[in-house]
Amino acid sequence: MAKQPIESLNATTAATEAADLRVELNQWRQDYYDNDAPKVEDDVYDREYARLVALETAFPTIVTPDSPTQLVGGTVKAGFTKVQHPIPMLSLGDVFSQGELQEFDERLRQNVDEPFDYNCELKIDGLALSLRYENGRLIQGSTRGNGTIGEDITKNIMTIASIPHQLKRPLTVEVRGECYMPKAAFADLNARREAAGEPVFANPRNAAAGSLRQLDTKVTAERQLSTFMYNVADYAPLTARTQSDMLTEFADLGLTINPDFKVAHSMTEVFDYIDHYQHERPDLAYGIDGIVIKANPLPLQRSLGATVKVPRWAIAFKFPPDEQPTLLEDVEWTV
Ligand SMILES: CC(C)(CNC(=O)c1ccc(Oc2ccccc2)cc1)c1ccc2c(N)nc(N)nc2n1
């Protein structure tokens, strides 16, 4: 059904439409975050979510505490111990066009006196995780959950080769990143599951989530998961003064980072980065669903802070869903 323009609505009609959207979106969230089996494509979810945000922005009195616009991520799966994140795991605001990205940049610069660069990073299509190190020793791994309460997956993350059990310096730090399943590992896993008559995973993100949020650690260990770490929640222990230097410091500590980050000195350079990786996407060894731009100076990140859900100093530019063309050399030719 065609949506009425927001201007033609009043608070009552907007509240009715918003209530229907929340029921639908919350069910889709549960499928995506709790069951690791989404029922709709990301772009369908994003479109309906953007409509709800527009309704709640036009009519703030209709916002409800259970609205998906007020929540981060999913809940805690039965069988997992709950973990309280000492510092919340945040999500990211989304934009879908260069125009919206330009508006984000202009809005941000209105609130910041000094000039600053952005750090551009790939947005890996996986699931968020947090690693807690104490005196350099890995003591806990957890999923985002609802941003405040996540699942303890320590035993599972100990089986992931890209996660060091000991940092190269005795830091006490909370590191955030993404766990993902490489495309090749995903293809192998689904081929094995199909041969065994088991249900296949719809995409690498669901396969990673189903493999990490797994009560049987032996299953996680054989799923060829990997990680890219991208932020800390508590900046104190690091020497880096910028996001880009922090990623380099992560690598020096023995953490795995995605090497395709780039400092952009203008929005033109941000758009060039987006265009480059929109073309590179099919050839990357892992799925990406967009790029993330972050204010590069860490003191600026700290001073701008976050809303209840997202940092004010970062935004995700989302790509359209991944219609991965089959690479012809992958096709078995029968003669
Ligand atoms: C930026 C951040 C949201 C992580 N950062 C945090 O979670 C975070 C959390 C509290 C922070 O500080 C606070 C301390 C106290 C209160 C509130 C915030 C700072 C960062 C994020 C999320 C997803 C990302 C992704 N998929 N790909 C890349 N490349 N980067 C990403 N970055």
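Everything numeric in this text was worked out from a predicted model, so none of it was measured.

**Brief notes about the domain arrangement of the protein**
A common measure of how large an interface is: the accessible area buried when the components associate.
Line of reasoning, step 1. When the domains of the protein are assigned, the result is domain 1 (6-70) and domain 2 (82-318).
Line of reasoning, step 2. Centre-to-centre separation of domain 1 and domain 2, based on C-alpha positions: 25 Å.
Line of reasoning, step 3. Interface area, domain 1 with domain 2, both sides summed: about 900 Å², of which 35% is carbon and sulfur.
Line of reasoning, step 4. Considering only the side of domain 1, the residues that lose the most area to domain 2 are Tyr32, Asp36 and Asp46, jointly responsible for 50% of the buried surface there.
Line of reasoning, step 5. The interface formed by domain 1 and domain 2 holds one salt bridge in total.
Line of reasoning, step 6. Between Asp46 and Lys318 there is a salt bridge, with its nearest N and O atoms 3.4 Å apart.
Line of reasoning, step 7. For the side of domain 1 that touches domain 2, the secondary-structure elements that each account for two or more residues are helix 1 (11-34) and helix 2 (42-58).

**A few points about the packing of helix 3 (residues 98-110) against helix 9 (residues 267-280)**
Line of reasoning, step 1. Direction vectors running N to C along helix 3 and helix 9 enclose 145 degrees, while the axes themselves pass 11 Å from each other. Crossing handedness for the pair helix 3 and helix 9: right-handed. Between helix 3 and helix 9, the residues in contact are Gln98, Leu101, Gln102 and Asp105 and Met267, Val270, Phe271, Ile274 and Asp275, respectively.

**So, the sheet that holds strand 2 (residues 94-95)**
Each strand in a sheet pairs with its neighbour through backbone hydrogen bonds, running either in the same direction (parallel) or in the opposite one (antiparallel).
Line of reasoning, step 1. Overall, mixed pairing links the five strands, which are arranged 2-11-10-3-9 in an open sheet. Unpaired on one side and paired on the other, strand 2 and strand 9 (262-264) mark the two borders of the sheet.
Line of reasoning, step 2. Alignment of strand 10 (residues 288-295) against strand 11 (residues 314-318), held across five bridges, turns out to be antiparallel. If you follow Ile291 over to strand 11, its bridge partner there is Phe317.
Line of reasoning, step 3. Seen against the sheet, helix 3 touches strand 2, strand 3 (118-124), strand 10 and strand 11 and runs at an angle of roughly 175 degrees to strand 11.
Line of reasoning, step 4. In this fold helix 8 (residues 243-253) packs onto strand 3, strand 9 and strand 10, with an angle of close to 55 degrees to the strand it touches most, strand 3.

**Some points on the packing of aromatic side chains**
Line of reasoning, step 1. Inspection of the entire model under this criterion finds eight aromatic pairs.
Line of reasoning, step 2. Here the aromatic rings of Trp28 and Tyr45 are separated by 6.5 Å at their centres, their planes lie at 55 degrees, and the arrangement is tilted. Residue Trp28 is located in helix 1, and its partner Tyr45 is located in helix 2; the two are separated by 17 residues in the primary sequence. Of the two residues, Trp28 and Tyr45, neither departs from the other in class, the shared state being buried.

**Let's talk about the packing of helix 1 against helix 2**
Line of reasoning, step 1. Their axes nearest at 10 Å, the elements helix 1 and helix 2 cross at an angle of 145 degrees. Crossing of helix 1 over helix 2 shows left-handed handedness. Of the residues in helix 2, those in contact with Ala14, Glu17, Ala18, Leu21, Arg22, Glu24, Leu25, Trp28, Arg29 and Tyr32 of helix 1 are Asp42, Val44, Tyr45, Glu48, Tyr49, Arg51, Leu52, Leu55 and Glu56.
Line of reasoning, step 2. Of the residues contributing to the contact of helix 1 with helix 2, the split by class is eleven nonpolar, no polar and eight charged.

**A look at the pattern of salt bridges**
Line of reasoning, step 1. If you walk through the whole model with that rule in mind, you get 17 salt bridges.
Line of reasoning, step 2. Between Glu174 and Arg132 there is a salt bridge, with the nearest N and O atoms lying 2.8 Å from each other. With Glu174 in strand 7 (residues 173-180) and Arg132 in strand 4 (residues 127-134), this pair connects stretches of sequence that are 42 residues apart.
Line of reasoning, step 3. Assessed through its relative accessible area of 4%, Glu174 is described here as buried.
Line of reasoning, step 4. Here the residues in one salt-bridge network are Lys3, Glu17, Glu48 and Arg51, joined through shared partners.

Cut-offs applied
- Residues numbered from 1 in each chain as written.
- Predicted model: local features only at pLDDT ≥ 70, side-chain atom pairs only at ≥ 80, totals over all residues.
- Heavy atoms only, no water.
- Domains from an automatic or database assignment.
- Buried area = accessible area lost by both parts, 1.4 Å probe.
- Salt bridge = Lys/Arg side-chain N within 4 Å of Asp/Glu carboxyl O.
- Helix = DSSP H or I, 4+ residues; strand = E, 2+ residues; numbered from the N terminus.
- Axes fitted to C-alpha atoms, helices over the stretch in contact; angles between N-to-C directions.
- Left-handed = near helix turned anticlockwise from the far one by under 90°.
- Contact = heavy atoms within 4.5 Å.
- Pairing = 2+ DSSP bridges.
- Phe/Tyr/Trp six-rings, centres within 6.5 Å; stacked < 30°, edge-to-face > 60°.
- Buried < 20%, exposed > 50% of the residue type's maximum accessible area, 1.4 Å probe, protein only.
- Nonpolar A, V, L, I, M, F, W, Y, C, P; charged D, E, K, R; others polar.

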